[in-house]
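Remarks on the overall topology
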Amino acid sequence: NFTYEPTGELTAENTKVTVTYTEEGITKTTSKDIEVTYASVLEITMEPENIVYAQGDSFDPTGMLVTLIYADGTTKILEDEEYEIVNGENLQVGTNEIIVQYIEGGITVEKGIQITVTNNIISIAVTKAPSKTLYKDNDTFDKTGMEIMATYQDKTTRVLEESEYTVSTPTY
């Protein structure tokens, strides 16, 4: 008939285990020093296949290998379900780092992965014709009054400034 302390999950603060044994009214107690190793460093030992995303996409960890390093130097390769991607949903332009997080025994370790989020133009359209549309041979095209609308990856649109586009006329 014995008991021991601490009971439950050990943490880095636990430095000894105490065992108490009672028989026929006599109680004896002994203690043993222990060392509880804890998560110390998170390393990305293989980068994910994709680090460039369009605005609105979610981070894809495919190909990524995450390794946990304990305080005593031992290592553990983590399965995908053992770590969490903290800010990997609905990526926005300006987000340049994804955080990989692991929690064990009340200790949290994190590692950042550098990414790029783009919101590229996927199409343009003339939404307003130029003021002048009838020309004589050897006239120069005049883009006055013309409006060009850009559509981006995230489906937003914006009228481009004249300085943001060029106009070329085909020669036949």
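All values reported here derive from a predicted model rather than from experimental measurement. (Residues numbered from 1 in each chain as written. Predicted model: local features only at pLDDT ≥ 70, side-chain atom pairs only at ≥ 80, totals over all residues. Heavy atoms only, no water.)

1. So, the sheet that holds strand β12 (residues 121-128)
Spatial strand order, β12-β13-β14: three strands in an open sheet with antiparallel pairing. Bordering the open sheet on either side are β12 and β14 (157-159), each of which pairs with just one other strand. Recorded for the sheet is a direction-independent mean angle of 25° between the axes of neighbouring strands. Pairing geometry for β12 and strand β13 (residues 147-152), over six bridges, is antiparallel. Paired with S123 across the two strands is T151, which belongs to β13. (Pairing = 2+ DSSP bridges. Helix = DSSP H or I, 4+ residues; strand = E, 2+ residues; numbered from the N terminus. Axes fitted to C-alpha atoms, helices over the stretch in contact; angles between N-to-C directions.)

2. Focus: a nonpolar patch on the surface
Together, F2, Y4 and Y21 give the surface a local cluster of nonpolar side chains, amounting to about 340 Å² of exposed area. Tracing the sequence through the fold places Y21 in strand β2 (residues 16-23). A residue is classified by how much of its surface remains accessible, and Y21, at 35% relative accessible area, is partly exposed. (Patch = residues over 30% accessible without salt bridge, like charges linked within 9 Å, V, L, I, M, F, W, Y side chains within 5 Å. Areas by Shrake-Rupley, 256 points an atom, 1.4 Å probe, with all protein chains shown as cover. Salt bridge = Lys/Arg side-chain N within 4 Å of Asp/Glu carboxyl O. Buried < 20%, exposed > 50% of the residue type's maximum accessible area, 1.4 Å probe, protein only.)

3. A word on the packing of aromatic side chains
Scanning the model with the defined rule gives two aromatic pairs in all. Ring centres 5.9 Å apart and planes at 50° place the aromatic pair Y53 and F59 in the tilted group. Judged by relative accessible area, Y53 falls into the buried class, the value being 3%. The exposure class assigned to F59 is buried, which follows from its relative accessible area of 9%. (Phe/Tyr/Trp six-rings, centres within 6.5 Å; stacked < 30°, edge-to-face > 60°.)

By themselves, these are just geometric observations and shouldn't be taken as functional.
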